[in-house]
Amino acid sequence: MSFFALCWSLLDGLAVTLLLTAGGSLVAIGLAWIAGLGRLSTHRVVRATAAVYVEVFRGTSALVQLYWFFYALPLLGVHLSPLVTGVVVLGLNIGAYGAEVVRGAIVSIGSDQREAAVALNMTRRQQLWLVIVPQALLRMLPPAGNLLIELMKATALVSLITLSDLTFRGMILRAETLDTVQVFGLLLLIYFGIGQALIVGVRALERRVAGRWHMGRAT
Amino acid sequence: MKSEQQMVSMRGLEKSYGGVHVLQGIDLDVAPGEKLSVIGPSGSGKSTLLRILMTLEQPTKGFIEIEGEPLWDMRLNGRAIPADSKHLRRMRSKVGMVFQHFNLFPHMTVLRNVTSAPIHVLRISRDEAEARAHELLDKVGLGAKVDAYPSQLSGGQKQRVAIARALAMYPKIMLFDEVTSALDPELVGEVLGVLRELAHRTDMTMILVTHEIRFAREISDRVVFIDHGQIVEQGPPERIFAEPTETRTREFLKSILEA
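Residues numbered from 1 in each chain as written. Chains lettered and ligands numbered in written order. Predicted model: local features only at pLDDT ≥ 70, side-chain atom pairs only at ≥ 80, totals over all residues. Heavy atoms only, no water.

Description of the overall build of chain A
Helices and strands together make up the secondary structure of chain A, namely eight helices and zero strands. Reading chain A from its N terminus to its C terminus gives the helix and strand order α-α-α-α-α-α-α-α. Projecting the C-alpha coordinates of chain A onto the three principal axes gives extents of approximately 70 × 45 × 20 Å. Per-residue burial for chain A yields a buried fraction of 42% across its 219 residues. A separation threshold of at least 6 residues defines the contact pool for chain A, and within that pool the share at least 24 residues apart is 74%. (Helix = DSSP H or I, 4+ residues; strand = E, 2+ residues; numbered from the N terminus. Buried < 20%, exposed > 50% of the residue type's maximum accessible area, 1.4 Å probe, protein only. Contact = heavy atoms within 4.5 Å.)

Let's talk about the confidence of the model for chain B
Low-pLDDT portions of the prediction should not be read for the details of their coordinates. Residue and element names in this part refer to chain B. Put simply, chain B has an average pLDDT of 93, and 98% of its residues get 70 or more. Summarising per-element confidence for chain B, the mean pLDDT is lowest in strand S6 (residues 73–76) (82) and highest in strand S8 (residues 95–98) (98). As a predicted assembly, this complex carries a pTM of 0.89 together with an ipTM value of 0.93. (pLDDT = per-residue confidence, 0-100.)

What about unusual backbone geometry?
Residue and element names in this part refer to chain B. In the Ramachandran plot, Glu-67 falls in the positive-phi region, its phi being about 50 degrees despite a non-glycine side chain. Structurally, the position occupied by Glu-67 is in the loop between strand S4 (61–66) and strand S5 (69–70). By relative accessible area, which is 26% here, Glu-67 ends up partly exposed. Even without being a glycine, Phe-102 presents a positive backbone phi close to 65 degrees. Within the secondary structure layout, Phe-102 lies in the loop between S8 and helix H3 (110–120).

As for a nonpolar patch on the surface
Residue and element names in this part refer to chain A. Taken together, the side chains of Tyr-67, Tyr-71 and Leu-160 present a nonpolar region at the surface, about 280 Å² in accessible area. The topology assignment puts Tyr-71 in helix H3 (residues 62–72). Judged by its relative accessible area of 46%, Tyr-71 falls in the partly exposed class. (Patch = residues over 30% accessible without salt bridge, like charges linked within 9 Å, V, L, I, M, F, W, Y side chains within 5 Å. Areas by Shrake-Rupley, 256 points an atom, 1.4 Å probe, with all protein chains shown as cover. Salt bridge = Lys/Arg side-chain N within 4 Å of Asp/Glu carboxyl O.)

So, a positive patch on the surface
Together, Arg208(A), Arg212(A), Arg112(B) and Arg126(B) line one region of the surface with positive charge. Residue classification places Arg112(B) among the partly exposed residues on the basis of a relative accessible area of 36%. (Lys, Arg positive; Asp, Glu negative; His and termini not counted. Charge placed at Lys NZ, Arg CZ, Asp CG, Glu CD.)

Examining the sheet that holds strand S1 (residues 8–17) of chain B
Residue and element names in this part refer to chain B. Across the sheet, four strands lie side by side as S2-S1-S4-S5; this open sheet has antiparallel pairing. With partners counted over all chains shown, the strands left at the sheet margins are strand S2 (20–30) and S5, one partner each. Strand direction decides the pairing type here: S4 and S5, joined by two bridges, are antiparallel. Paired with Glu-65 across the strands is Pro-70, a residue of S5. Against the sheet, helix H1 (residues 46–53) engages S1, S2 and S4, with an angle of about 115 degrees to S1. (Pairing = 2+ DSSP bridges. Axes fitted to C-alpha atoms, helices over the stretch in contact; angles between N-to-C directions.)

Here's the deal with the layout of surface pockets
The space that makes up the largest pocket amounts to roughly 820 Å³. The wall of the largest pocket is formed by 23 residues, among which Thr123(A), Arg124(A), Arg125(A), Gln127(A) and Leu128(A) lie closest to the centre. Put simply, the parts of the chain that give the lining of the largest pocket at least two residues each are helix H4 (82–108), helix H5 (111–119) and helix H6 (124–154) of chain A together with helix H2 (85–92) of chain B. Ranked by the residues each element gives to the lining of the largest pocket, the list is headed by H6(A), at six residues. Among the residues making up the lining of the largest pocket, the classes are represented as 11 nonpolar, seven polar and five charged. The space that makes up the second largest pocket amounts to roughly 480 Å³. What lines the second largest pocket is a set of 22 residues, among which Ile29(A), Leu141(A), Ala144(A), Gly145(A) and Leu148(A) lie closest to the centre. Elements with a minimum of two residues in the lining of the second largest pocket: helix H1 (3–38), H4, H6 and helix H8 (180–212) of chain A. Partitioning the lining of the second largest pocket into residue classes produces 18 nonpolar, four polar and no charged. (1 Å grid on protein atoms, 1.4 Å probe; cavity = no way out; pocket = protein on both sides within 12 Å on 5 of 7 lines; lining within 4 Å. Points joined across faces, edges and corners; volume = space filled by probe spheres on them. Nonpolar A, V, L, I, M, F, W, Y, C, P; charged D, E, K, R; others polar.)

Points about the pairing of strand S12 (residues 230–235) of chain B
Residues and elements named next belong to chain B. Where strand S11 (residues 222–227) lies against S12, five bridges are found, and the strand directions are antiparallel. Paired with Val-224 across the strands is Gln-234, a residue of S12. Counted along the chain from S11 to the antiparallel partner S12, the turn is two residues long, and its residue His-228 has a positive phi close to 50 degrees.

Quick word on the interface of chain A and chain B
Contacts between the two partners involve 20 residues from chain A, matched on the other side by 28 residues from chain B. Between chain A and chain B the total buried area reaches about 2100 Å² when both faces are included, carbon and sulfur atoms providing 60% of it. Linking chain A with chain B are one salt bridge. The salt bridge partner of Arg51(B) is Glu115(A), with a shortest N-O separation of 2.7 Å. Our count for the chain A to chain B interface comes out at six residue pairs in polar contact (both at pLDDT 80 or more). At the level of elements, H5 and H6 of chain A are the ones that each hand at least two residues to the side of chain A that touches chain B. Broken down by element, the residue count for the side of chain A that touches chain B peaks at seven residues, all from H5(A). A breakdown of the residues in the side of chain A that touches chain B according to their chemical character gives 11 nonpolar, six polar and three charged. (Buried area = accessible area lost by both parts, 1.4 Å probe. Polar contact = N/O pair within 3.5 Å; in protein donor to acceptor, adjacent residues only side chain to side chain.)

This is how it looks when you write it as structure tokens:
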């Protein structure tokens, strides 16, 4: 089989991987904000709920989470398609790490900024959304970029719950062609390529935000 | 016996962190429109006094009133209970503060630094807020810098923006916390120039914590010398600087003028 023929047969799988990455990221970003801000809430119940979520999904294996949602949840009466299961589990898992990124960036903004906002008589909500969050956003971007790549790589796990993503297609292709070195080599290259594209995207975003404030690259 | 309402009134104000007593019983009244300078060695509690007035810190003990209303307490059925956030925000609307390190918002242009609180807190229209911001920025000599970001300004320019930002909230009392201490010497003059204008042209109550002795002498109605969290001596600047009665005041003035 020629190199291009190999690539062609992987394309369908690539589409599934990209779909999972995009969907998972959206869920993860949403959960990261909710749980990250939740951990800073003044309400104890909200704080505790967010903390439990973060610890459970950070503290257990992503693969076992996937198995649980795919095999155990239907036994409890909840049926999700494999694709939805993949998106939800990846989102929940990376969202837990993302919550720490959100929280960390917010608490890293100096108290001088909060004090200036208090002196201007802003409410707590205004302090957060007008002053703290816009600055924290810049500090979130680099670690968020790392998590995005983690999520993209973790999509390979869904090949174990019957989804024909890039890795799953690769396995089939290898079985058909018996060309192990080339097929797995190609898989590595494709994942690497997606990762590089994500890094370039996040960097560009970072530069745009930082450049606008004339602050140089955030450190 | 007060013939007229004091703007600020403190009684027995104390503040301690752990075992350190930063303020040890401050009694101080500030009249409406008064320009008061607070001087004293570093660590004497001057800044803490301002921070408590701005409600950035809570006193350990004692009592403060602004325009006759308790700052950190509110009255409910004749009893004093700790202030809730609504009360604190109402009291804060009377007070503005300029910080030693400017504390500008780095992600906002100069114009937005000055307009964001008026728009969101005072809820005045954007057009009105911007018109007023332009006016204030012209007054502090930065009319041409409205679209710059703080990182593009010198220290003296940043501090003048911070002054305009605080003024845009129409405070009755302005607190200046060593506003020239973080500036390069050649930039101090431009900030003092703005303060001088404010002192002479407005009837705002001003409390300045400062090390600029000559400046304090020039613009203040009264000077208070604080050491170890206590008021050692106070009076009109001519007297405090020319003939201080307390040894500690004399020694402090000597040390600062020799430096």
